[in-house]
Amino acid sequence: MTAETEPTTQSTGSCCSPTGACHGGGGTDAQDVQIEPTESVTTVYEVKGMTCGHCEGAVSEEISALGGVTSVEAVAATGRVTVSSKAPLAEDAVRAAVDEAGYELVGRAA
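Residues numbered from 1 in each chain as written. Predicted model: local features only at pLDDT ≥ 70, side-chain atom pairs only at ≥ 80, totals over all residues. Heavy atoms only, no water.

S.K.: Residues and numbers for the environment of G57, please.
M.R.: Looking at the element boundaries, G57 is found in helix 1 (residues 53–64). Residue classification places G57 among the buried positions, given a relative accessible area of 18%. Put simply, G57 and E73 are 16 residues apart on the chain and 9.0 Å apart in space, counted from C-alpha to C-alpha. (Helix = DSSP H or I, 4+ residues; strand = E, 2+ residues; numbered from the N terminus. Buried < 20%, exposed > 50% of the residue type's maximum accessible area, 1.4 Å probe, protein only.)

Written as structure tokens, this is what we have:
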């Protein structure tokens, strides 16, 4: 018995196909990563290129690995990423984390 497979095309800079379908499966409206509750500083960033729950998860995972981050909520529909941390984060560190996930940090949301 042989199985036929169709090649999948992945768009550059995103985990999703050109039609917006996620290759990672599943997905939620927002990916929320809670590390530990604490008093914190909350900053909202604008990230370019997120299109689905998998994108949200990738960005959340990379930012949550930064020292002092207590929670991250990424929302692809708005391009907003809300980060709570024990102290203000260096924007360069956040930019590097977002770049590592494969997306572009536009800056702090207005």
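S.K.: Hey, could you go over the pairing of strand 2 (residues 41–48) for me, with residue numbers and the actual values?
M.R.: Of the pairings in the sheet, the one linking strand 2 to strand 4 (residues 80–85) comprises six bridges and is antiparallel in character. Bridge pairing in strand 4 places T43 opposite V83. Summarising the sheet, strand 2 and strand 5 (residues 104–108) pair through four bridges and their orientation is antiparallel. Bridge pairing links K48 to E104 in strand 5. (Pairing = 2+ DSSP bridges.)

S.K.: Would you mind going over the nonpolar core in detail, with residue names and values included?
M.R.: Counting residues in hydrophobic clusters, the biggest one holds 21 residues, and the most contacted among them are M50, V59, I63, V81, V94, V98 and Y103. Those elements that provide at least two residues to this core are strand 2, helix 1, strand 3 (69–75), strand 4 and helix 2 (91–101). Of all the elements, helix 2 adds the most residues to this core, at four residues. The residues touching V98, leaving out its near neighbours within four places in the chain, are V47, V59, I63, Y103, E104 and L105. (Core = buried A, V, L, I, M, F, W, Y, C linked by side-chain atoms within 4.5 Å. Contact = heavy atoms within 4.5 Å.)

Purely geometric numbers; function is a separate question.
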